[in-house]
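# Per-entry structural report
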Amino acid sequence: MSYFIILVLVWAVSMAAWLVVSKYFRSSDFDKVKARLTGVSKAKAARNAKAGATAEPAVVRGVEAPKNRFAHMLVEKAKLGPKLGEFLEQAGMRWQPARFVHLTLVCFLAGFGAAWVLLPIAHVFAAVVGLVTGAGPFLMVNFKRKSRLKKFEELFPDALEFVSRSMRAGHAFSVSLEMIHREFQEPLSSEFRRAFEEHNLGLPIEVALEKLAKRIPSLDVHFFVSAVLLQKRTGGNLAEILDKLAYVIRERFKLRGRIRAVSAHGRMTATALSCIPIAVAVLMFYTNPDYVKFFFTDDIGNIMLGSAVALQIIGYLIMRKITNIEV
């Protein structure tokens, strides 16, 4: 009887150990697949969290439950989800569109309430202050988006030459895309890694490159995708095409730099002319406040102030448009 009990105990312990080990290996395999799809491992996620780095774009991305139902309802009603999601993705931010809308509403209400209570201005101008503060999240995301795209364009010619050299060394085109992830910095490495992972998981290379061109709205990337797709259909020396494309992109950068140097005087003039009225208004507010209060307390003064601000903004935009020459 004692041998039977020992046998049962041994069997129970063996089964328990087998369940624990199998569960560990299953979770380990699941974590590997999840890390491959989401683009982030646990160790890398911890390093990014400590360093405050932006997460890499993922092949498969989880959707968080909306915390602010009102913002989520606005996104759903206005059908802003796809456009805002693409805008945030181009900035390298893994925000949900509802979170962006929620932050915009909070900034608007904070600016509107502060102007209503603290500033001696009409309530209509308090709404204008709220609109200015509400535009803060959009300006921040747009700044990060432009910085990210600019850095991508700076690294892109080197990446094209790297792919060309890799193909001359005997590597396949898709393998060259994967090698970019190990050799280059963000954001270029993560975007090409995502394109490679999408292709590696079964997506045709043409579709993966078209999605890359959609995520990176750059003329150079569109040229690259068009060249690769054309070579796939008609044939030719893709390595030579990429070398020439990298040369053209570098020449465009040089020409753009010369144009910016020539138009720098115009940009400085536009900035100075736009700042002069603001400086004069601040000086008048301190030297003769009774004269300035007319623009805030009187109805005609409100109309004059609003018209002056609108015309000043229009003039600045026109001057910036004149000096902004695209190449």
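Here, the structure is the one placed above.
Residues numbered from 1 in each chain as written. Predicted model: local features only at pLDDT ≥ 70, side-chain atom pairs only at ≥ 80, totals over all residues. Heavy atoms only, no water.

### Overview of the overall build of the protein chain
- Helix and strand counts for the protein chain come out as 15 helices and 0 strands.
- When the 327 residues of the protein chain are sorted by exposure, 30% land in the buried category.
- Summarising the internal contacts of the protein chain: among those between residues at least 6 apart in sequence, 62% fall at separations of at least 24.
- Roughly 21200 Å² of accessible area belongs to the protein chain as shown, and the carbon and sulfur atoms make up 68% of that amount. (Helix = DSSP H or I, 4+ residues; strand = E, 2+ residues; numbered from the N terminus. Buried < 20%, exposed > 50% of the residue type's maximum accessible area, 1.4 Å probe, protein only. Contact = heavy atoms within 4.5 Å. Areas by Shrake-Rupley, 256 points an atom, 1.4 Å probe, with all protein chains shown as cover.)

### As for the packing of aromatic side chains
- By the definition in use, this model includes 10 aromatic pairs.
- Ring pairing ties together the aromatic residues Phe-152, Phe-156, Phe-173, Phe-192 and Phe-224, which thus form one cluster. (Phe/Tyr/Trp six-rings, centres within 6.5 Å; stacked < 30°, edge-to-face > 60°.)

### A few points about helix H12 (residues 238-262)
- Taking 1.5 Å as the rise per residue, H12 with 25 residues should run 36 Å; its terminal C-alpha atoms sit 36 Å apart, in good agreement.
- Regarding H12, the residues found buried are Leu-238, Ala-239, Leu-242, Leu-245, Ala-246, Ile-249, Arg-252 and Ile-259.
- In this structure, the buried side of H12 is in contact with helix H7 (136-168), helix H8 (173-183) and helix H11 (219-234). (Expected span 1.5 Å × (residues − 1).)

### Topic: the nonpolar core
- Residues Phe-156, Phe-173, Ile-180, Leu-188, Phe-192, Leu-209 and Phe-224 are the most contacted members of the largest nonpolar core, which totals 31 residues.
- Where this core is concerned, the elements lending two or more residues are H7, H8, helix H9 (188-200), helix H10 (205-215), H11 and H12.
- Examining the composition of this core, we find that 8 residues originate from one element, H7, more than from any other.
- If sequence neighbours within four positions are ignored, Phe-173 has contacts with Val-163, Met-167, Ile-205, Leu-209, Phe-224, Val-228 and Leu-238.
- Ranked by size, the runner-up nonpolar core spans 12 residues in total, among them Leu-84, Ala-91, Val-101 and Val-141. (Core = buried A, V, L, I, M, F, W, Y, C linked by side-chain atoms within 4.5 Å.)

### Describing the packing of H7 against H9
- Viewed as axis vectors pointing N to C, H7 and H9 meet at an angle of 70 degrees, and their least axial separation amounts to 9 Å. One way to sum up the angle between H7 and H9 is to call them roughly perpendicular. Within the contact between the two elements, H7 uses Arg-148, Phe-152, Leu-155, Phe-156 and Ala-159 and H9 uses Leu-188, Ser-190, Glu-191 and Phe-192.
- Taken together, the residues that form the contact of H7 with H9 break down as 6 nonpolar, 1 polar and 2 charged. (Axes fitted to C-alpha atoms, helices over the stretch in contact; angles between N-to-C directions. Parallel < 35°, antiparallel > 145°, perpendicular 65-115°, else oblique. Nonpolar A, V, L, I, M, F, W, Y, C, P; charged D, E, K, R; others polar.)

### Thoughts on a positive patch on the surface
- A cluster of basic residues, Lys-146, Lys-150, Arg-260 and Arg-320, forms a positive patch at the surface.
- What makes Lys-150 exposed here is its relative accessible area of 54%. (Patch = residues over 30% accessible without salt bridge, like charges linked within 9 Å, V, L, I, M, F, W, Y side chains within 5 Å. Salt bridge = Lys/Arg side-chain N within 4 Å of Asp/Glu carboxyl O. Lys, Arg positive; Asp, Glu negative; His and termini not counted. Charge placed at Lys NZ, Arg CZ, Asp CG, Glu CD.)

### Describing unusual backbone geometry
- Pro-187 follows Glu-186 through a cis peptide bond whose omega is 0 degrees.
- Here Pro-187 is to be found in the loop between H8 and H9.

### Considering the pattern of salt bridges
- Tallying each qualifying case throughout the model produces 14 salt bridges.
- Glu-178 is the salt-bridge partner of Arg-182, the closest N and O atoms lying 2.7 Å from each other. Taken together, the positions of Arg-182 and Glu-178, both in helix H8 and 4 residues apart, correspond to about one turn of that helix.
- By relative accessible area, Arg-182 is classed as exposed at 53%.
- According to the relative accessible area criterion, Glu-178 is partly exposed, its value standing at 22%.

### Details of a nonpolar patch on the surface
- A contiguous nonpolar patch, built from Ile-278, Val-282, Phe-285 and Tyr-286 and spanning about 450 Å² of accessible area, is present on the exposed surface.
- When you line up the elements, Phe-285 lands in helix H13 (residues 264-287).

### Section: the environment of Ile-313
- If you trace the backbone, Ile-313 turns up in helix H15 (residues 299-323).
- Classification of Ile-313 by relative accessible area gives partly exposed; the value is 48%.

### Considerations on the packing of H12 against H13
- Following both chains from N to C, one finds H12 and H13 inclined at 45 degrees, their axes separated by 4 Å at the closest point. Taken together, the axis directions place H12 and H13 in an arrangement best described as oblique. Of the residues in H13, those touching H12 at Arg-260, Ala-261 and Val-262 are Ala-264, His-265 and Arg-267.
- Looking at the contact of H12 with H13, its residues break down into 3 nonpolar, 1 polar and 2 charged.

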